[in-house]
Each structure stands twice: as C-alpha cells, then as structure tokens.
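Listed below, chain by chain, are the residues.
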Amino acid sequence: MIASTLPRTVLDEARHQVETYCREFAKPDVDAVREAVEAVHRLTGTLGELVDRIREHAPSAFDGGNQHVGEELARDLHATRGCLTTAGLLVAPALDDLRELTDTTPGVGTR
C-alpha cells in the first residue's frame, strides 16, 4: 500500500494557514469577525466531509486480525462527524446575526 502524501502537504498547509490566521486575529472589527465565523462554518463542513470519506474507507485498510480497530475507528469517526455537524449548527445563528449587522443594504445592518 502506498501512503498518500495528502496529509503531509495539503492538510498540513491548511493547519499552518489556520494557525497563522489565529495568531494574526487581533482586535478585529465586526466585518472581520463575520468573515472569520463564516470561514469556521465552511471549514467545519469541509472537515465533516473529510471525516465521512475517512470513515467510509478506513475499515477496509485493516486486515482480519485488526478488523476490530477499523470498526472502532469508524465508530469514533461517526461521533466526530456528529460533533462537527453540531458545531456548524451552533454557529449558524450567530452567523445570521453577524450577517445582519454587516449587511450593506441601505437601512439594514444598523442596529
């Protein structure tokens, strides 16, 4: 089996970019907060899709003697997916409020 370089490249770079953004996120205005929350919302959904793909394929990576590990991993990933889904649902109302605050339509966004 050939190991994928994806986790060492794309995913590590994504993690690095998020870490950099976290360090630079100081004293933001409401627009910057909205943009960050929107990004978190999208990222949570994307991570959920990745977890689904891993969960779908991971059990077949284990041979018969270690099949229980793959099955346990699938259960753990299912729980992880649930947490990511919940995170998206929890941030959605705040995101709606932030969008309302930052809407540039005349007469809107000025509470």
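Everything numeric here is computed off the predicted structure, so don't read it as measured data.

A. Broad picture of the layout of surface pockets. Here the largest pocket defines a volume of roughly 290 Å³. Along the wall of the largest pocket there are 11 residues; nearest its centre are Ser-4, Pro-7, Leu-50, Ile-54 and His-57. For the lining of the largest pocket, the secondary-structure elements that each account for two or more residues are helix H1 (6-24) and helix H2 (30-57). Ranked by residue count, the leading element in the lining of the largest pocket is H2, at 4 residues. Residue composition of the lining of the largest pocket, grouped by class: 8 nonpolar, 2 polar and 1 charged. Looking at the second largest pocket, its volume works out to about 240 Å³. Lining the second largest pocket, in full, are Val-18, Tyr-21, Cys-22, Phe-25, Ala-36, Ala-39, Val-40, Arg-42 and Leu-43. Put simply, the parts of the chain that give the lining of the second largest pocket at least two residues each are H1 and H2. Residue composition of the lining of the second largest pocket, grouped by class: 8 nonpolar, no polar and 1 charged.

Criteria and cut-off values
- Residues numbered from 1 in each chain as written.
- Predicted model: local features only at pLDDT ≥ 70, side-chain atom pairs only at ≥ 80, totals over all residues.
- Heavy atoms only, no water.
- 1 Å grid on protein atoms, 1.4 Å probe; cavity = no way out; pocket = protein on both sides within 12 Å on 5 of 7 lines; lining within 4 Å.
- Points joined across faces, edges and corners; volume = space filled by probe spheres on them.
- Helix = DSSP H or I, 4+ residues; strand = E, 2+ residues; numbered from the N terminus.
- Nonpolar A, V, L, I, M, F, W, Y, C, P; charged D, E, K, R; others polar.

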